[in-house]
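If you want the building blocks of each chain, they are given just below.
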Amino acid sequence: MFYDTIVAPCTPYGRSGVGILKISGIHSKRVAYKVLGKIPIPRYAYYSKFIDNLGAVIDSGIALWFPKPNSCTGEDVLELHCHGNPTILDLLIKTILSIHGIRLANPGEFSERSFLNNKIDLIQAESIMDLIHANSEAAVKSSLRSLQGFFSKEINSLILQVNKIRVLVEASINFPEDDTRILDHKITQDINNIFLKLIDINKISNSGFLLQEGVKVSLVGKPNSGKSSIFNALLLDNAAIVTDIEGTTRDILNESFQIDGITFHISDTAGLRSTDNIIEILGIKKTIEQIKLSDHILLVIDDTSEKFKKKKYISDFIKKFILNQRITILFNKSDLSKKKSYIKKSNFGYSCIYLSAKTGSGIEILKNHLKKQALGKNVIPGEIFLARRRHIDILSRVQKKIKNIKKIWMIERNVELLAEDLKSIQNILGEITGKVTSNQILNSIFSTFCIGK
């Protein structure tokens, strides 16, 4: 329960058609009587004059009254919709703050109260800001799914599965005379099911995370392989200088583009080769750093070069960088090598695309491939929910822990140890929805919110 009442504008500072103030807490009724002269009918738009401490009219507008517990915060909430003039909003706030027990809201405090009053869980609270900051159509849709509770449903389902195994395990500890063979088989099967479900959730979560942050793609390869030309072809713009001189690109060029609502941050890098040129060496160092930061590497190969040289360059590149990122090999200049544009799997296990940046042939194949790789295998776009780095890290921890539990359980069959491990997993998963969360984590999350949310 909160003993103070908070007020804050919900609309950005500046001039606009409408400015909105939100008041939440036990003194919201006193605000209504002071500013409106009455309590409006719940959940009905009420047109009224807004009065200051001296009885003078500040403005006229719409008031909305949401009595507890049927409000966004679970408290009494009053919204005042006035003209979007900063001076009017300031006068209203000044009048409201003159009432004892009312203060300005902290960043994210309305959402925090919604969470603490069990109106939303922590995933939904975080998705509010993700929705506000979403920078693509796909990110908006996926963050909205999180706000509607789809991500929470998956996590709660997982927690329920863990709890069911805990019941079995606890029963086997309390009633050891039961048939342990049947019970052992059931526990093993249930642990496997949880592990498989975690893999699916991790796939969708990673896709959702990339949709929000954007996929970092880097074009790398030898000088004059056509990296800058592909860069320009994807952007539909001459953003990078293209010449026949080796080492033209010496610094990293960064641009963004979208494919069907998915944002890609693409980098055109300096060509990787041995050189004595000091400036070019600096560019190559930056390229190596960029490779480590990328989600997806596009290794560009000049398809007109000799076959053994192409194979050696690809092999050396993979060995040198030992990448965990996705790699796609682009055989450019297919117009000169007289090959059709197509995609196939290489002997190295990576996707290969034959294309021509000059003619544009194969660029659409590359775009479709980038989109599929961003979403992940067997992930349906309409099922993606937005996930944050915090969620990804927790899910990865749980997946590793379940994998370890499977291994130990198969060897030792120790129910007491299994019971403790399952309890630990349940608590870790509870950190995602906020069922098990420290004040430090809450403060860290809600402090990033804007005031009025």
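Please refer to the structure placed before this passage.
None of the values given here were measured: they were computed from a predicted structure.

### Comments concerning the overall build of the protein chain
Across its full length, the protein chain carries 14 helices and 13 strands. Going through the 453 residues of the protein chain one by one, you find that 49% of them count as buried. Expressed as a percentage of contacts within the protein chain between residues at least 6 apart in sequence, the contacts between residues at least 24 apart total 66%. Accessible surface for the protein chain amounts to roughly 23,100 Å². Of this, 54% is attributable to carbon and sulfur atoms.

### Quick look at the pairing of strand S2 (residues 16-24)
The pairing of strand S1 (residues 5-9) with S2 spans four bridges and is antiparallel. Within S2, the residue paired with Val7 across the bridge is Ile23. Counting the residues in the hairpin turn of S1 and S2 gives six residues, including Gly14, whose phi is positive at 135 degrees. One ladder, built from eight bridges, connects S2 with strand S5 (residues 77-84); its direction is antiparallel. Counted as the bridge partner of Ile23 is Leu78 from S5.

### A word on the sheet that holds strand S6 (residues 102-104)
Strand order in the open sheet formed by six strands is S3-S4-S5-S2-S1-S6, and the pairing between neighbours is mixed. Looking at strand neighbours, the two that pair on one side only are strand S3 (46-51) and S6, the edges of this open sheet. Strand-to-strand twist of the sheet, defined as the mean angle between neighbouring strand axes without regard to direction, takes the value 30 degrees. Of the strands in this sheet, S1, S2 and S6 touch helix H3 (residues 109-116), which is tilted by about 135 degrees from S1.

### What about the sheet that holds strand S7 (residues 215-221)?
Read across the sheet, seven strands follow the order S8-S9-S7-S10-S11-S13-S12 without closing on themselves; strand pairing throughout is mixed. In this open sheet, the two edge strands, each paired with only one partner strand, are strand S8 (253-259) and strand S12 (342-345). If you compare each strand with its neighbour and ignore which way they point, the axes differ by 25 degrees on average. Along the sheet face, helix H10 (residues 307-321) touches S7, strand S10 (296-302) and strand S11 (326-332) and points at about 155 degrees away from the line of S10. In the packing of helix H11 (residues 363-375) onto the sheet, contacts are made with S7, S8, strand S9 (262-268), S10, S11, S12 and strand S13 (351-354), and the angle to S9 comes to roughly 115 degrees.

### Details of the packing of helix H1 (residues 28-35) against helix H2 (residues 86-97)
One can describe the packing of H1 onto H2 by two numbers: an axis separation of 10 Å at closest approach and a directional angle of 120 degrees. In terms of orientation, H1 and H2 fall into the oblique class. Two packed elements cross with a definite hand, and for H1 against H2 that hand is right-handed. Contact residues: Val31, Lys34 and Val35 in H1; Leu92, Thr95 and Ile96 in H2. Its residues assigned to classes, the contact of H1 with H2 comprises four nonpolar, one polar and one charged.

### Description of the pattern of salt bridges
In total, this model carries 19 salt bridges according to the counting rule given. A cluster of three or more residues bridged by salt bridges with shared partners is formed by Asp4, Glu75, Arg103, Glu109 and Arg113.

### With respect to the packing of aromatic side chains
For the structure on display, the rule yields four aromatic pairs. Of the aromatic side chains, those joined through ring pairs into one cluster are Phe331, Tyr342 and Tyr354. Directly above the ring of Phe110 sits Lys22, whose terminal nitrogen or CZ lies 5.2 Å from the centroid. When the ring centre of Phe150 is taken as reference, the NZ or CZ atom of Arg145 above it lies at 4.0 Å.

### Examining the environment of Lys216
Topologically, Lys216 is positioned in strand S7. Judged by relative accessible area, which is 41%, Lys216 ranks as partly exposed. For the pair Lys216 and Phe264, spaced 48 residues apart in the sequence, the C-alpha separation amounts to 6.1 Å. Beyond its immediate stretch of four places on either side in the chain, Lys216 contacts His265, Leu293, Ser294, Asp295 and His296.

### What to know about the side chain of Ser356
Examined against the element boundaries, Ser356 turns out to sit in the loop between S13 and H11. Accessibility expressed as a relative area gives 0% for Ser356, which makes it buried. A polar contact is formed between the side chain of Ser356 and the side chain of Asp335, at a distance of 2.9 Å. A distance of 3.1 Å separates a polar atom in the side chain of Ser356 from a polar atom in the side chain of Thr359.

### Concerning helix H8 (residues 227-235)
Burial analysis of H8 places eight of its nine residues in the buried class, which makes it a mostly covered element. Among all positions of H8, only Lys227, Ser228, Ile230, Phe231, Asn232, Ala233, Leu234 and Leu235 are buried. Where H8 is buried, its residues meet S7, S8, S9, S10, S11 and H11. Leu236, located one to two residues past H8, shows a positive phi value of around 55 degrees.

### Considerations on the pairing of S10
Residues in a regular strand point their side chains to alternate faces of the sheet. With seven of its seven residues buried, S10 lies for the most part within the structure. Neither face of S10 is exposed, since His296, Leu298, Val300 and Asp302 on one face and Ile297, Leu299 and Ile301 on the opposite face are all buried. Two strands pair when backbone bridges link them, and S10 and S11 are joined in this way by seven bridges, in the parallel orientation. Counted as the bridge partner of Ile297 is Ile327 from S11.

### A few points about unusual backbone geometry
Of the consecutive residues Lys68 and Pro69, the connecting peptide bond is found in the cis state with omega at 0 degrees. Summarising the element assignment, Pro69 is placed in the loop between strand S4 (57-66) and S5. Positive phi values are uncommon outside glycine, yet Arg43 reaches one of about 60 degrees. Position of Arg43 among the secondary structure elements: in the loop between H1 and S3.

Criteria and thresholds
- Every chain begins its residue count from 1, and numbering advances along the sequence as written.
- A pLDDT threshold of at least 70 governs which residues receive local features in this predicted model, and a stricter bar of 80 or more applies before side-chain atom pairs are shown or counted, although totals over entire chains, interfaces and linings include all residues.
- To obtain the side-chain values, all non-hydrogen atoms of the structure were used and water was disregarded.
- Numbering of helices and strands runs from the N terminus; a helix is a DSSP stretch of H or I covering at least four residues, while a strand is a stretch of E covering at least two.
- Think of it in three bands: with a 1.4 Å probe and only protein chains considered, a residue is buried below 20% of the maximum accessible area for its type, exposed above 50%, and partly exposed in between.
- Any two residues whose heavy atoms approach within 4.5 Å at even a single point are treated as in contact.
- Using a 1.4 Å probe, accessible areas were evaluated by the Shrake-Rupley method; residue-level cover was limited to the displayed protein chains.
- The rule for pairing is simple: two strands pair if DSSP sees at least two bridges between them.
- With axes taken as lines fitted to C-alpha atoms, and helix axes fitted only over the stretch in contact, angles between N-to-C directions fall between 0 and 180 degrees.
- Orientation is classified from the angle alone, with under 35 degrees giving roughly parallel, over 145 giving roughly antiparallel, 65 to 115 giving roughly perpendicular, and any other angle giving oblique.
- In this scheme, a crossing is called left-handed if the near helix is turned counterclockwise away from the far one by less than a right angle; it is called right-handed if the turn is clockwise.
- Side-chain classes are defined by residue name, with Ala, Val, Leu, Ile, Met, Phe, Trp, Tyr, Cys and Pro counting as nonpolar, Asp, Glu, Lys and Arg as charged, and the others, Gly among them, as polar.
- Salt bridge criterion: a side-chain nitrogen from Lys or Arg within 4 Å of a carboxyl oxygen from Asp or Glu.
- Any Phe, Tyr or Trp ring, taking Trp's six-membered ring, that has another such ring centre within 6.5 Å forms a pair; planes under 30 degrees apart are called stacked, those over 60 apart edge-to-face, and the others tilted.
- Geometrically, a lysine NZ or arginine CZ counts as sitting over a ring once it is within 6 Å of the ring centre and also within 35 degrees of the ring normal.
- The term polar contact refers here to a pair of N or O atoms within 3.5 Å; inside protein, the definition further demands a hydrogen-donor-capable atom paired with an acceptor-capable atom, and it admits residues adjacent in sequence only when both atoms are side-chain atoms.

Everything listed is a geometric property; what it means functionally is a separate question.
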